[in-house]
Amino acid sequence: MEMTLRWYGSKFDTVTLKQIRQIPGVKGVITTLYYKKPGEVWEQNEIRALKDEVEAAGLKIAGIESVNVSDAIKTGSPDRDRDIEAYITTLENLGKEDIHLVCYNFMPVFDWTRTELARVREDGSTVLAYTQEAVDALDPEKMFESIAGDMNGTVMPGWEPERMARVKELFGLYKDIDDEKLFANLKYFLEKIMPVCNRYDIKMAIHPDDPAWSVFGLPRIIINKKNILRMMDMVDDVHNGVTFCSGSYGTSLDNDLPDMIRSLKGRIHFAHVRNLRFNSPTDFEEAAHLSSDGTFDMYEIMKALYDIGFDGPIRPDHGRMIWDEVAMPGYGLYDRALGATYLNGLWEAIEKSSTRGV
Ligand SMILES: [Mn+2]
């Protein structure tokens with residue numbers, strides 16, 4: 001595996017490339033053109049400029065997170081072919097710049113959903129948290145307002161103010177979309193982009209829905225082993241793959257994470273590894289990466305990735321806010337650096353004990 005850190009670009013991120021370069025073992029970033037709207041083409045010169053900036057800092061672009069998929073594609077509206085054409089051009093331009101991994105998601109209306117962005121833990125750190133009770137009590141149109149004040153002046157992916165101003169309209173677009181239609185629209189999209197992915201060897205890595213169940217009555221399909229295997233089968237091409245995000249699949253305690261990893265051998269192109277602590281099955285908070293701080297056995301997760309021969313980029317995911325850092329919730333430097341170091345330590349131990357037969 002290749003340890004990386006997500007980076008939003010110098011205009012949007014509080015963390016610098018220099019800081020990332022100084023985290024032991026981190027050689028690459030997972031980045032994006034954060035200002036691009038779904039449906040817009042990423043021009044090759046824009047990608048090149050981003051690449052030059054990353055390389056000048058002694059790092060490489062290990063992959064893109066994300067090239068966002070438009071609502072027209074997700075809902076299968078008449079405009080979708082135009083947006084798919086733009087997506088294909090973007091993939092072509094990424095391929096020409098030697099970038100071979102693209103993370104994306106197929107979540108309707110909301111990206112990942114949390115009800116608190118700064119829950120205070122017993123050690124004074126703050127974390128993102130979710131309670132189903134809070135969601136049930138909330139008007140979805142007020143969701144944005146309820147969390148906007150906690151973003152520390154940043155714009156969180158999927159929670160752009162201009163998008164959230166259209167929430168009512170977005171709900172309208174999805175009113176006739178159920179799980180089956182969403183699966184069909186995903187299949188249509190994947191079949192259209194597979195030729196360009198094959199031509200440039202671009203691995204598409206779908207990010208799971210978070211949380212892994214329906215919120216506000218919207219369909220959610222990338223949530224469990226059954227559905228993700230269905231997706232792998234419906235477009236059976238190695239370039240149709242998965243971002244294995246332990247924190248997102250892990251929101252459902254029915255998901256056996258190491259078992260899911262083993263069942264996706266050869267199709268996991270990117271891994272997000274983080275821990276959650278469950279206070280009840282419907283109340284979880286994002287813990288430190290360390291196994292004992294949360295609910296997941298992080299050794300078993302890393303061991304499963306090792307056992308299937310995972311060799312793609314991996315990154316620590318949302319971190320706690322610690323040491324008085326002010327950053328995008330989940331995306332500060334300090335706790336993610338601790339996470340990277342811990343995951344590197346687990347990997348080294350697994351690798352050495354496997355190859356030495358101890
Ligand atoms: Mn993730």
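Refer to the preceding data block for the structure.
Since the model is a prediction, treat every value here as computed from it, not as a measurement.

1. Description of the pairing of strand β9 (residues 268-273)
Logical step 1: Across the six residues of β9, six count as buried, placing the element largely inside the fold.
Logical step 2: Summarising the sheet, strand β8 (residues 240-245) and β9 pair through four bridges and their orientation is parallel. The partner of Cys-245 across the bridge, within β9, is His-272.
Logical step 3: Of the pairings in the sheet, the one linking β9 to strand β12 (residues 313-316) comprises three bridges and is parallel in character. Across the sheet, the residue bridging to Ala-271 is Ile-314, located in β12.

2. Comments concerning the nonpolar core
Logical step 1: Counting residues in each nonpolar core, the largest one holds 87 residues, and the members touching the most others are Ile-20, Val-29, Val-102, Ile-261 and Ile-301.
Logical step 2: Beyond its immediate sequence surroundings of up to four residues, Ile-261 is in contact with Phe-244, Ile-268, Ile-301, Ala-304, Leu-305 and Ile-308.

3. A closer look at unusual backbone geometry
Peptide bonds are mostly trans, and most non-glycine residues show a negative phi.
Logical step 1: Cis peptide bonds are those with omega within 30 degrees of zero, and the linkage from Glu-65 to Ser-66 qualifies with 0°.
Logical step 2: Examined against the element boundaries, Ser-66 turns out to sit in the loop between β3 (60-65) and α3 (71-75).
Logical step 3: In this structure, Pro-211 follows Asp-210 across a cis peptide bond, with omega equal to 0°.
Logical step 4: Along the chain, Pro-211 falls in the loop between β7 (203-207) and α10 (225-234).
Logical step 5: Backbone geometry at Asp-201 places phi at a positive 50°, although glycine is not the residue there.
Logical step 6: Tracing the chain through its elements places Asp-201 in the loop between α9 (179-200) and β7.
Logical step 7: A positive phi is found at Trp-323, a non-glycine position, where the angle reads about 55°.
Logical step 8: Within the fold, Trp-323 resides in the loop between β12 and α14 (334-355).

Cut-offs applied
Residues numbered from 1 in each chain as written. Predicted model: local features only at pLDDT ≥ 70, side-chain atom pairs only at ≥ 80, totals over all residues. Buried ≥ 20, exposed ≤ 12 C-beta atoms within 10 Å, placed from the backbone. Helix = DSSP H or I, 4+ residues; strand = E, 2+ residues; numbered from the N terminus. Pairing = 2+ DSSP bridges. Core = buried A, V, L, I, M, F, W, Y, C linked by C-beta atoms within 7 Å. Contact = placed C-beta atoms within 7 Å.

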